[in-house]
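The primary structure of each chain is shown beneath.
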Amino acid sequence: AYAAYTGARLIHSLGAGIDHLLADPQLPVQAAICRLVDPMLTLRMIEYVALHVLRHHRRHDQLVQQQQNQIWQQIAAPAARDRTVGVMGLGALGGAVAISLHNLGFHVQGWSRTAKNLPGIDTFHGTDGLRSFLQKTEILVCLLPLTEATRDIVNQNLLSQLPRGARFINAARGHHVVDQDLLAALDSGHIAEATLDVFRTEPLSTDHPYWRHPRVTVTPHIASLTDPVSAAKVVADNIQRLLQGRPLINQVDRTAGY
Ligand code: NAP
């Protein structure tokens, strides 16, 4: 797609993820790559994750089912402080999501590549920190970038380290998840429910088992759509920085892949 742009100095993603750009063999080598970090994008992601964490926490799906069968049965959910939510990826989105969940009263844990210090949040990092992070996580939220190190990370090995009955929310990239492993964990009851916004192939094919799985919620990659008005300001600012020779913001480290 970039063959004609050999002289490009800046390639600005209109989304937070840039995995699709780095995967393009024609990407000009000298161009800086910037990704979108935008307050609106962050706010919309906070909404999506809060919605689904609360849904799982308060067992809302079970209440919906009860209504369909005219069943009046009170379901007691633990207090938020007694529910541990684990956020994988503590960047622009994951960091803000972790703080918003903490503000809702949840016990929040976060996992990142390098050590982080977020007030009120138990943080873990690196391969060594992953096991302890997973051990207590009852609702796992994936907000990692897709890189060589994170592809297929949500596999049988990772899922088996979560407590039985854990829930999973993926709002990052479909390639983070090994679908057969997640389906097997759902079918064995080890994972109680999953909410998936992103898939290895999008749109999700009509015959994919996720569509009809009773404990999977499928949304069509809408967790946080780019807001053109708000995003344009961020992109314009970066173009101005380039023209004025000032440092760019949100520049991607090509080696790290994000
Ligand atoms: P970001 O700011 O680049 O943050 C990435 C976070 O992941 C950082 O905390 C980073 O650790 C951590 N990380 C990276 N590699 C890791 C590894 N190998 N092990 C552990 N942690 C690792 O990314 P973002 O802007 O928050 O975006 C997060 C994801 O959301 C992306 O996948 C993006 O594509 C997706 N997204 C989805 C939607 C949607 O609608 N579904 C919308 C927007 C974005 P360090 O802090 O140590 O660097």
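Structure's up top.
All values derive from a computational prediction rather than experimental measurement.

1. Details of the site of the ligand
Around the ligand, a shell composed of 29 residues is seen, among which Arg-35, Thr-114, Lys-116, Leu-144 and Tyr-258 lie nearest. One of the side-chain nitrogen or oxygen atoms of Lys-116 is found 2.6 Å away from an oxygen atom of the ligand. One of the backbone N or O atoms of Ser-224 is found 3.0 Å from an oxygen atom in the ligand. Contact with the protein chains covers 92% of the free accessible surface of the ligand, which is 950 Å². Those elements that place two or more of their residues in the shell around the ligand are helix H4 (92-103) and strand E4 (107-112). The leading source of residues in the shell around the ligand is H4, at three residues. Considering only residue class, the shell around the ligand consists of 15 nonpolar, nine polar and five charged.

2. Remarks on the packing of helix H2 (residues 39-57) against H4
One can describe the packing of H2 onto H4 by two numbers: an axis separation of 9 Å at closest approach and a directional angle of 50°. As the angle between them shows, H2 and H4 are arranged oblique. Crossing handedness for the pair H2 and H4: right-handed. From H2, Leu-41, Thr-42, Met-45, Ile-46, Val-49, Ala-50 and Val-53 reach across to H4, where they touch Ala-92, Leu-93, Ala-96, Val-97, Ser-100 and Leu-101. Considering only residue class, the contact of H2 with H4 consists of 11 nonpolar, two polar and no charged.

3. Focus: the pattern of salt bridges
It is possible for side chains bearing opposite charge to pair when their charged atoms get close. Counted under the stated rule, the structure contains seven salt bridges. Between Asp-237 and Arg-241 there is a salt bridge, with its nearest N and O atoms 3.4 Å apart. Here Asp-237 pairs with Arg-241, and both are found in helix H9 (residues 228-244), just four residues apart, close to one helical turn. Taking the relative accessible area as the measure of exposure, Asp-237 reaches 24% and is therefore partly exposed. Residue classification places Arg-241 among the buried residues on the basis of a relative accessible area of 18%.

4. A look at the layout of surface pockets
Taken as a whole, the second largest pocket holds about 270 Å³ of empty space. Asp-61, Gln-62, Gln-65, Glu-193 and Arg-215 are the residues nearest the centre of the second largest pocket, which is lined by 15 residues in total. Contributions of two or more residues to the lining of the second largest pocket are made by helix H3 (60-68), strand E8 (191-196) and strand E9 (216-218). Tallying contributions element by element places H3 first for the lining of the second largest pocket, with six residues.

Parameters at a glance
Residues numbered from 1 in each chain as written. Predicted model: local features only at pLDDT ≥ 70, side-chain atom pairs only at ≥ 80, totals over all residues. Heavy atoms only, no water. Near = heavy atom within 4 Å. Polar contact = N/O pair within 3.5 Å; in protein donor to acceptor, adjacent residues only side chain to side chain. Areas by Shrake-Rupley, 256 points an atom, 1.4 Å probe, with all protein chains shown as cover. Helix = DSSP H or I, 4+ residues; strand = E, 2+ residues; numbered from the N terminus. Nonpolar A, V, L, I, M, F, W, Y, C, P; charged D, E, K, R; others polar. Axes fitted to C-alpha atoms, helices over the stretch in contact; angles between N-to-C directions. Parallel < 35°, antiparallel > 145°, perpendicular 65-115°, else oblique. Left-handed = near helix turned anticlockwise from the far one by under 90°. Contact = heavy atoms within 4.5 Å. Salt bridge = Lys/Arg side-chain N within 4 Å of Asp/Glu carboxyl O. Buried < 20%, exposed > 50% of the residue type's maximum accessible area, 1.4 Å probe, protein only. 1 Å grid on protein atoms, 1.4 Å probe; cavity = no way out; pocket = protein on both sides within 12 Å on 5 of 7 lines; lining within 4 Å. Points joined across faces, edges and corners; volume = space filled by probe spheres on them.

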